[in-house]
Amino acid sequence: MAEKIDEKKVTPRSQDFAAWYNDLIIRAELADYSPVRGCIVFRPDGFAIWEHLRDELDRRIKKTGARNAYFPLFIPQSFLQKEAQHVEGFAPEVAVVTHGGGKELEEPLIVRPTSETIINHMFAQWIHSHRDLPLMVNQWCNVVRWELRTRPFLRTSEFLWQEGHTAHATREEAERETLTMLEVYRGFVEDYLAIPLVYGRKSAAERFPGAEETYTIEGLMPDGRALQCGTSHYLGQNFAKAFEIRFLDETNQLQHPHQTSWGVSTRLLGAIVMAHGDDQGLRLPPAVASTQVVIVPIWRKAEEGENVLVAARSIRHSLEQAGVRVRLDEREGLTPGFKFNDWEMRGVPLRIEIGPRDVAAGEVVMARRDIAGPPGKSKAPIAQAAERSTAVLAEIQKNLYQQAKAVADQNTRRFDDYGKLSAQMQGEGGGGLADIHWCGNPECETKIREETRATCRAIPLNQDGAPGKCIVCGESAKERAFFAKAY
RNA sequence: CGGGGCGUGGCGCAGCCUGGUAGCGCACCUGCCUUGGGAGCAGGGGGUCGGCCGUUCAAAUCGGCUCGCCCCGACCA
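Cut-offs and rules
- Residues numbered from 1 in each chain as written.
- Chains lettered and ligands numbered in written order.
- Predicted model: local features only at pLDDT ≥ 70, side-chain atom pairs only at ≥ 80, totals over all residues.
- Heavy atoms only, no water.
- Near = heavy atom within 4 Å.
- Polar contact = N/O pair within 3.5 Å; in protein donor to acceptor, adjacent residues only side chain to side chain.
- Helix = DSSP H or I, 4+ residues; strand = E, 2+ residues; numbered from the N terminus.
- Nonpolar A, V, L, I, M, F, W, Y, C, P; charged D, E, K, R; others polar.
- Domains from an automatic or database assignment.
- Buried area = accessible area lost by both parts, 1.4 Å probe.
- Salt bridge = Lys/Arg side-chain N within 4 Å of Asp/Glu carboxyl O.
- Contact = heavy atoms within 4.5 Å.

Overview of the protein's contact with RNA strand B
So, point 1. Every one of the 45 residues lining RNA strand B counts as a neighbour, but Lys8, Arg149, Arg155, Arg300 and Thr335 are closest to it.
So, point 2. By atom count, sugar and phosphate contribute 49% of the portion of RNA strand B lying within 4 Å of the protein.
So, point 3. A distance of 2.3 Å is found between a phosphate oxygen of RNA strand B and a side-chain nitrogen or oxygen belonging to threonine 335.
So, point 4. Proline 356 places a main-chain nitrogen or oxygen 3.3 Å from a base oxygen of RNA strand B.
So, point 5. Secondary structure elements with two or more residues in the surface near RNA strand B: α1 (2-8), α2 (17-27), α11 (336-345), β17 (350-354) and α12 (356-361).
So, point 6. Here the surface near RNA strand B gets six residues from one element, more than from any other, and that element is α11.
So, point 7. Residue classes in the surface near RNA strand B are distributed as 14 nonpolar, nine polar and 22 charged.

Here it is as structure tokens:
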């Protein structure tokens, strides 16, 4: 009997985090494995999350002044060679097209791993004057990176993302843009996806190939590993020089523009699954849930069913009027218990139960996904179902953030002693986020990585500047940095 | 790319050691009956055991090769 029940459940998170994560994605029908190694299929429930996420982020990006465009999937192989760091970073993982139309191509085409090269090639033709600046474009597209090891959403051979590319007349303006986008990402992920973050600068070792400075938002997952959730790069004039982008400034001097690029990907879906999911399944933030409220009707006799359904449909109508994404589960032959479990697996934030007893009493039972069991249940008058739902959804959005924040905070520790840091990172799995003084020397960073497998995730901005000693070499260190094992 | 594990109806597995008509649970279809936390009964459909080669009267089972997938590590959004 116990085994029979186990079959209906996913691997407990506490038992095997990776298996739990994979189980959830398959069971909640977010994605499925594909016949192509390292590539996944986004099923409708998974893609719907991406669509909501994308639509909102797209609005926020456009608000900053960028406009959407689309550049080709294929890029001449020679383009990749033009920026030395860039080619070194990406060449090992590009897919190359050598044949087309049955013939070998004169010049192979690479499938974009990112679009700096082709976009800057075009920028060179569009930018001639300071009046052409700033130029700010964004594109939503797929990219391909031939990864050796893949995991659903977190690292797939092909993934979807947005990549913004901008060119500015001055260094200051480009640097400001880089930080503006970092803040757009931070606000979006924390508010909309309810995922708490740390953010800051990347170390030189972790920098984007070709960038002068990379900024990042990092989420600490419940297993104690950090996940890079988005990056914003200040590219300096590296690409402008490599692609010969030049403009005449107000004083008739020929200048290279200063550039940025920034992106987030479908990896964010993995972050949502990990940050909020539990052993019952997904727990989706209302903002991105394709179904925010599900109504489960309950009855015994046919005539009861009539009354219940009439009431349920009217509640659905009132929720729709209130702008809530609502679904009425009218499937026949399934018990309420089955439906409860089913919708919990899919992460629907709020469930409304209505049966003959409730219809008689003029009320409904509301069950919150973010609070398990009876404490998450409450009653509301039918007439107030829509109003209450809207309010509760807002609470759930906040509460999911608070819950995730509490877990992350619990796994974030300050260390001033290398031995303690090292002990914390021992063993398989994550070791949480370590907040340490670091002198900035790459050798000290390498030592930490090689001995603890933790890497520098972010060097926070706006530090208090309190002096300290590097946790590795003991030299004076002006800054603190976050280190963790990462996905 | 190194280490480990696994390939048997859609999914999860047993059978393999000790070759001999391919089985179980879930899911699916039909009917009855059911619905406040994963219902029950009855009937039914579906696989030739990842692929190739070999041993044998006979291979899911023994041997060799190969392909694929998953997990752990190094590399990376």
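The discussion continues.
Here's the deal with the domain arrangement of chain A
So, point 1. Domain parsing of chain A yields domain 1 (2-276), domain 2 (293-398) and domain 3 (412-484).
So, point 2. Its C-alpha centre places domain 1 at a distance of 39 Å from the equivalent point of domain 2.
So, point 3. Here domain 1 and domain 2 share an interface that buries about 580 Å² over both sides, 47% of which is from carbon and sulfur atoms.
So, point 4. When residues of domain 1 are sorted by the area they lose upon contact with domain 2, Arg27, Ala28 and His52 head the list and together hold 47% of the total.
So, point 5. Where domain 1 packs against domain 2, one counts two salt bridges.
So, point 6. The interface formed by domain 1 and domain 2 contains five residue pairs in polar contact (both at pLDDT 80 or more).

Description of the side chain of histidine 276
So, point 1. Structurally, histidine 276 is set in helix α9 (residues 267-276).
So, point 2. A polar contact is formed between the side chain of histidine 276 and the backbone oxygen of leucine 193, at a distance of 2.9 Å.
So, point 3. Leaving out residues up to four positions away in the same chain, histidine 276 has contacts with Leu193, Ala194, Ile195, Arg283, Pro285, Leu400 and Ala404.

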